[in-house]
Amino acid sequence: MDGTKRSNIKPGLHVNIVLKEDQRTGDLTEGYVKDILTNSPTHPHGIKVRLETGEVGRVKEILEEE
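Residues numbered from 1 in each chain as written. Predicted model: local features only at pLDDT ≥ 70, side-chain atom pairs only at ≥ 80, totals over all residues. Heavy atoms only, no water.

Novice: Describe the overall build of the chain, naming the residues involved and giving the relevant values.
Specialist: Helix and strand content of the chain: zero helices and four strands. The N-to-C order of helical and strand elements in the chain reads β-β-β-β. In terms of overall size, the chain behaves like a compact globule, its C-alpha atoms giving a radius of gyration of 10 Å where 66 residues would be expected to give roughly 11 Å. Projected onto its principal axes, the C-alpha coordinates of the chain cover approximately 30 × 25 × 20 Å. Taking contacts inside the chain between residues at least 6 apart in sequence as the whole, the part at least 24 apart equals 49%. For the chain, the exposed area adds up to about 4200 Å²; of that, 45% sits on carbon and sulfur atoms. In the chain, which carries 10 positive and 12 negative side-chain charges, the distance between the mean positions of the two groups comes to 10 Å. (Helix = DSSP H or I, 4+ residues; strand = E, 2+ residues; numbered from the N terminus. Rg over C-alpha atoms; globule rule 2.2 N^0.38 Å. Contact = heavy atoms within 4.5 Å. Areas by Shrake-Rupley, 256 points an atom, 1.4 Å probe, with all protein chains shown as cover. Lys, Arg positive; Asp, Glu negative; His and termini not counted. Charge placed at Lys NZ, Arg CZ, Asp CG, Glu CD.)

Printed below as a string of C-alpha cells:
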C-alpha cells in the first residue's frame, strides 16, 4: 500500500519509515504509528508520522493491512 496518501495511514498501523538522518542512506525503521504529523492529504516523499517509540519519519511502506 502507498505511504504517500494520508487516508492509508492509521494509528496502530505497522509501517517502515525513513528517519530524517537516514534519508541519504535510505535505511528503514520498522514500527507502529502513534501519531500522523502531515496535515495534507498526500505528500510525494511519504506521510510524516511518529512511531510508538517516539521516532519521527516518513512512511515508505505499509507492512500489514487492517
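Novice: Report on the nonpolar core, specifying residues and quantitative values.
Specialist: Core analysis: the biggest nonpolar cluster contains 11 residues, these being Ile9, Leu13, Val15, Ile17, Leu19, Val33, Ile47, Val49, Leu51, Val59 and Ile62. Of all the elements in the fold, those that place two or more residues in this core are strand E1 (14–19), strand E3 (48–51) and strand E4 (56–62). The element best represented in this core is E1, accounting for three residues. Those residues in contact with Leu19 that sit more than four places away from it in its chain are Thr29, Glu55, Val56 and Gly57. (Core = buried A, V, L, I, M, F, W, Y, C linked by side-chain atoms within 4.5 Å. Buried < 20%, exposed > 50% of the residue type's maximum accessible area, 1.4 Å probe, protein only.)

Novice: Describe in detail the environment of Leu37, supporting the description with residues and values.
Specialist: Here Leu37 lies in the loop between strand E2 (29–36) and E3. Measuring from C-alpha to C-alpha, the distance between Leu37 and Arg58 comes to 9.4 Å, with 21 residues separating the pair along the chain.

Any functional reading would require information beyond the geometric quantities listed.
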